[in-house]
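Inside the fold
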Amino acid sequence: MQTAKRDMKVKQREELLRTLKARFEKNMNRHKGLEWAKVQAKLEANAEKLWSLNEMETTGGEPDVVGYDKKTGEYSFYDCSAESPKGRRSVCYDREGLESRKEHKPENSAIDMAAAMGIELLTEEQYRELQNLGNFDTRTSSWVKTPSDIRKLGGAIFCDRRYGNVFLYHNGAQSYYSARGFRGSLRV
């Protein structure tokens, strides 16, 4: 049943590939030395990853290629929307945080949404790499993958860019805010 859900119609795939190609060509500073034809060939050979990119796109992430791993032959895509993706805001960090809320529970958690989309939350390191490519989250913030020792104590971490700098903060994993979402990564 999940496989059927992850199928895309031909027209939908073609539209997504056109969108990704246009973004790739418009933002060459994010992926110097990479060729769209090779990226597209990888995507066309992996329908499940293309479906995940479509989920990133439809939730407002504006995914783009930000790197290539020569060892694995994989391209890295990150959400490159100027602000935290609109379709992924107002969420707790994870299921445990969500279930610990007594009232005013959000609809979902960042970890659950990412898993359902087939993507990973950016790590702090990846988030900082992304910020080297532009100014992201100047009015919003994004949950990032939280180390287990922090999570075991009830916390979770998030980042944003203010005053020309990238900041790392902490909050209870059960918290959520209308301006906090999450950014994802996908390797293809």
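Here's what I pulled together on the structure shown here. This one's a predicted model, so the numbers in the text were calculated from it and none came from an experiment.

Below, the discussion takes up the pairing of strand β4 (residues 141-144). A two-sided burial pattern is seen for β4, the buried positions comprising S141 and W143 on one face and S142 and V144 on the other. One ladder, built from three bridges, connects β4 with strand β7 (residues 180-182); its direction is parallel. Its bridge partner being in β7, W143 is matched across the sheet by F182. Note: β4 against strand β5 (residues 155-162), three bridges, orientation antiparallel. From the neighbouring strand, S142 faces β5, where its bridge partner is C159.

Taken as a whole and assessed by the stated rule, the structure comprises 15 salt bridges. The partner of K38 in a salt bridge is E35, with the nearest N and O atoms 3.8 Å apart. Residue E35 is classed as partly exposed on the basis of its relative accessible area of 45%. Of the charged contacts, one joins K145 and E120 as a salt bridge, the two residues approaching to 3.6 Å between their closest N and O atoms. With K145 in the loop between β4 and α8 (148-152) and E120 in strand β3 (residues 120-121), this pair connects stretches of sequence that are 25 residues apart. Taking the relative accessible area as the measure of exposure, E120 reaches 46% and is therefore partly exposed. In the salt-bridge network here, residues are joined through shared partners; they are D69, E74 and R187.

Calculation rules
- Residues numbered from 1 in each chain as written.
- Predicted model: local features only at pLDDT ≥ 70, side-chain atom pairs only at ≥ 80, totals over all residues.
- Heavy atoms only, no water.
- Buried < 20%, exposed > 50% of the residue type's maximum accessible area, 1.4 Å probe, protein only.
- Helix = DSSP H or I, 4+ residues; strand = E, 2+ residues; numbered from the N terminus.
- Pairing = 2+ DSSP bridges.
- Salt bridge = Lys/Arg side-chain N within 4 Å of Asp/Glu carboxyl O.

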